[in-house]
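Chain by chain, the residues run as shown.
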Amino acid sequence: MKLDKNINKIFSKINEINGNSPDITTREIKIGFKKVGYIYLESVSSDDKISDFLVRSITRLKKFSFLDNFFTNLYNELKNSIANSKMKTIDNYDDMFYYLASGFTIVVVNGFNKAIVLETRETLDRGVTEPSTEVTIRGPKDSMTENYNKNIGLIRKRIKDPNLWFKEIEVGKRTKTKVSIGYIKDIADPNKVKRVIDKINKIDIDGVLDSGYIRDFLTNDERSSFPTIISTERPDTVCASLLEGKVIVVVENTPFVLIMPGILANFIHAAEDNYQKAINVSMTRVLRFLAMIVTIMAPGLYIALTTFNQEIIPNTLLISLAIQRSSVPFPTSFSVIILMITFEILRESDMRLPETMGTSISIVGALVLGDAAVNAGIVSPIVVIVVAITSVTSLLFTDMDIVNAFRWWRLLFIILSTLMGLIGFIVAGIIFIIKLCSIETLDVPYLTPISPLYPKFLMENIITIPRNKMKKRPTYLDDLDINRMGEK
Amino acid sequence: MKLKIFLIILLCFFTSGCWNYNELNELAIVTGIGIDKHENGYKVSLMISNSRSTQSSSREGEAQTTVFTGTGKTFTEALSNIDVKTPRNLYLGHLEVVLVDEEIAKDNINIVLENLMRNPETAKKYYIAIARDNKSEEILKGLSPLESFPSQNISLNIQNSSQSEGISTEMVLSEFIKTILKQGVNSIAPSISIQGEENKIDNQESLKETEPKAMLKARSIGLFKDFKLVTWTTEKESQGINIINNKTERLYVTTELDKNKKVVVLLDSTKCKSDININDLNINLNINVKGAIVETDTDLDLENPKTIEKINKSTEKEIKNLVFDGINLAQKYKTDIFGFGNMIYRKDFKYWYKVKKEWDDNYFPKINFKVKVNANIESKGALENTIKEKKNES
């Protein structure tokens, strides 16, 4: 819709379309013969900037008010007087609303069907803080924020390569959120980049409030619990991925950046792994791998062994387990599931509650889980140990999605073990492996480099090797440039 | 279609599953079986380890065991007699020891083996032992101040006395059956009995005393001929048998050099190689022994290589005596427990089938043994010389 020439008409139109929003501020200034008006949204604009630069500059233009090219003069004057500002001219209402909501001020002049927009944005972001979800002892301590430009800046600051390209796309019919796809042009596989861009171009959605909205459009694995896209708030992790040849997606208003494609190993590793001595990290990674197996399989294995295949348990242990169980009325699987649900509820409540109340919850939780349930004869002590080990090992992983994915598979192991003992446990294991093998993102299988096997990168992914020995980028990403060291 | 397949798979789980589902508290974990003769036939005693106990004892990992007994014409009948008395399912998967009464062993041990081997639940890795001088029921009830589970008390007792003393021998059921089924070998089995006041063995109160009134004791080996127990060995004879069968891990040998000059040697490696000459039935035994001096109460000059040589010589002699003790006993009772018949079977099976039937009675007792022992004392412990000798020097 074209702009009107009459500024009163423009004002009334804006109020009409926006439903007389309380934060729309309009003002009219008479400069000689001309009437100049400006509009801004109080909630997103900085009053100081407007009165300091804009109003002062407009009133200075009195002498030109009789000239025909007043509009151009106004444009030039504003441009010269406002430091570091973005300025544009627009001529329709749709653009006007976009800029208004973004914190721009619209200057309209009576008699011209054009308007000047200039940035008077109020900073509504918090500053760069320490990451809260992926804490490290060693390594950079800054994290992404809700500010889109700052996020890109944090990445750009780390990779000063002209080949680091960003492609910006606007997503969301109502939110008009900026989404940009970042990649290093001469490393990343152009095919993968093109597919990500195509997918984002096709997104038809009314609003994007977090990168989580975008993620579901980038994969077609909504029926799988395993995450295939890494989301991180650490700029160093983002940059490491870019250097590997992965594609990143930065979304406005969220500190979480998406990285594609993700393989299982990426979710098991932590950001800190890159900064410590390789030989020590290798040990930690083996532990984490072990923890993954324990957290998925421990309750199922316990049920299978104690209710079907007792012959595997050593004699003395079996007798002590049997005596512990003698006063428990419920089936083993039932008490395991009850205790697991209790733990999950506690974890959820701990996460939602403000920090000040968290400690009281954990005290109650520890008492309920640990002592009271055993003394009341609802569960046997060994079940508490099994569930505790399961829960503690699951907290080793930083990615919430993978922790919750393990939860589903743990349940499958429990159910099949309850029905068929060790045979059921093995069936569950087979289903688990088949599922893992069948996932892929952007043509990269989930279990790479184990299956398909890349012997060279097995060492790098399962354990790790020192940086000075990491000569190649991972070939399974089809990078254009696979050399980390030496000539391209 | 997909849904149908899914339902079929689900049905498999729900219809076939759970047939062997057992909660732990529904099981009566049998860790020991004792079989005695009874006027009706057999009297079977089962030791059940997870009987009801107080909260405190379960925390300490202690269990109170109960012994159930039942009689019947057959082993199975006796078992089902017990099953009626217990509220839980009898679970034999963790059986640790089977005690067979001396009378049954002398009569025919096959009755017991047949049932135990046929039962698919048992792991066949439990010890078999003969209850000597006492009823197996009494031995099962025996409590020890050191072990929480009486069955473990028995099995560890046998293990220890066979590994460190060479008096007894470890025999698990599968191995026992294997030797019975092999060509030309006869079986042996350890024995166990009560030492002290027999009626106090199952008394909890007596455990609280510093010196328990009654304890279990591993005794020497019983020699079998086919399915029958023929004789017991003395301690020396069983040591000899264990040396030939390569079953000794540690063995203390006391030798006398001259008069009143005793040296105790610990043999930590004995290896016996046997070589048979079929034509004239001569068997050469080559025994290599390594050991250490652990005790001597005289003034020997141990720094002198000649003394060591002397000790070696007398150890060799001592071992030779042990070995011949064992061989003589076996030849006397005409049972080839060493498996020389099996060696012949492996060397020349045509010849073996000719002599097979008469091997134990006619051939084995006539074998000439030539024993060659090579002893080598390698260590003197923490002392270089004897204390007395050192005193004399200075």
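Just so you know, these numbers come straight off a predicted model, no measurement behind them.

Caption draft 1: Spatial organisation of the overall build of chain A. In terms of regular secondary structure, chain A is built from 17 helices and 12 strands. Computed over its C-alpha atoms, the radius of gyration of chain A comes to 30 Å, more than 25% above the 23 Å expected for a compact globule of 488 residues. Burial analysis of chain A (488 residues in total) assigns 49% to the buried set. Contacts in chain A between residues at least 24 apart in sequence constitute 64% of all its contacts with a sequence separation of at least 6. When the accessible area of chain A is evaluated, it comes to approximately 23600 Å², of which 58% is carbon and sulfur surface. If the 58 positive side-chain charges of chain A are averaged to one point and the 53 negative ones to another, these points end up 5 Å apart.

Caption draft 2: Region of interest: the domain arrangement of chain B. Residues and elements named next belong to chain B. The assigned domain composition of chain B is domain 1 (25-232) and domain 2 (235-394). Each of domain 1 and domain 2 has a C-alpha centre, and these two points are 32 Å apart. Each partner contributes residues to the interface: domain 1 has 26 residues there, and domain 2 has 30 residues. Summed over both partners, the interface of domain 1 with domain 2 comes to about 2100 Å²; 50% of that surface belongs to carbon and sulfur atoms. On the domain 1 side of the interface with domain 2, the three residues burying the most area are Q183, L223 and K225, jointly 26% of the side's total. Along the contact surface separating domain 1 from domain 2 lie two salt bridges. Here K225 makes a salt bridge to D361, at a shortest N to O gap of 2.6 Å. The tally of links between domain 1 and domain 2 comes to 13 residue pairs in polar contact (both at pLDDT 80 or more).

Caption draft 3: Seen up close, the side chain of N342 of chain B. Counting through the fold element by element, N342 of chain B comes out in helix 12 (residues 340-347). Dropping the residues within four chain positions of it, N342 of chain B is found in contact with K182, Q183, G184 and V185 of chain B.

Caption draft 4: Broad picture of the domain arrangement of chain A. Assigned domains of chain A: these are domain 1 (7-119), domain 2 (148-262) and domain 3 (278-444). The gap between the C-alpha centroids of domain 1 of chain A and domain 3 of chain A is 62 Å.

Caption draft 5: Structural context of the packing of helix 10 (residues 278-307) of chain A against helix 14 (residues 381-394) of chain A. All names here are of chain A. Where helix 10 contacts helix 14, the axes come no closer than 8 Å and their chain directions differ by 155 degrees. On the basis of their axis angle, the class for helix 10 and helix 14 is roughly antiparallel. Viewed along their axes, helix 10 and helix 14 form a crossing whose handedness is left-handed. Seen from helix 10, the contacting residues are A291, V294, T295, A298, P299 and Y302; seen from helix 14, they are I382, V383, V386, I389, T390, T393 and S394. The residue makeup of the contact of helix 10 with helix 14, split by class, is nine nonpolar, four polar and no charged.

Caption draft 6: Broad picture of the confidence of the model for chain A. The pLDDT averaged across chain A works out to 85; a share of 98% of its residues lies at or above 70. Between the elements of chain A, mean pLDDT differs from a low of 73, seen in helix 3 (residues 70-81) of chain A, to a high of 94, seen in strand 9 (residues 247-251) of chain A.

Caption draft 7: Looking closely at unusual backbone geometry. All names here are of chain A. Cis geometry is adopted by the peptide bond preceding P261, which originates at M260 and carries an omega value of -15 degrees. Cis geometry is adopted by the peptide bond preceding P449, which originates at T448 and carries an omega value of 5 degrees. Looking at the element boundaries, P449 is found in the loop between strand 12 (444-445) and helix 17 (455-462). Positive phi, normally seen in glycine, also occurs at D443, with a value near 70 degrees.

Cut-offs applied
Residues numbered from 1 in each chain as written. Chains lettered and ligands numbered in written order. Predicted model: local features only at pLDDT ≥ 70, side-chain atom pairs only at ≥ 80, totals over all residues. Heavy atoms only, no water. Helix = DSSP H or I, 4+ residues; strand = E, 2+ residues; numbered from the N terminus. Rg over C-alpha atoms; globule rule 2.2 N^0.38 Å. Buried < 20%, exposed > 50% of the residue type's maximum accessible area, 1.4 Å probe, protein only. Contact = heavy atoms within 4.5 Å. Areas by Shrake-Rupley, 256 points an atom, 1.4 Å probe, with all protein chains shown as cover. Lys, Arg positive; Asp, Glu negative; His and termini not counted. Charge placed at Lys NZ, Arg CZ, Asp CG, Glu CD. Domains from an automatic or database assignment. Buried area = accessible area lost by both parts, 1.4 Å probe. Salt bridge = Lys/Arg side-chain N within 4 Å of Asp/Glu carboxyl O. Polar contact = N/O pair within 3.5 Å; in protein donor to acceptor, adjacent residues only side chain to side chain. Axes fitted to C-alpha atoms, helices over the stretch in contact; angles between N-to-C directions. Parallel < 35°, antiparallel > 145°, perpendicular 65-115°, else oblique. Left-handed = near helix turned anticlockwise from the far one by under 90°. Nonpolar A, V, L, I, M, F, W, Y, C, P; charged D, E, K, R; others polar. pLDDT = per-residue confidence, 0-100.

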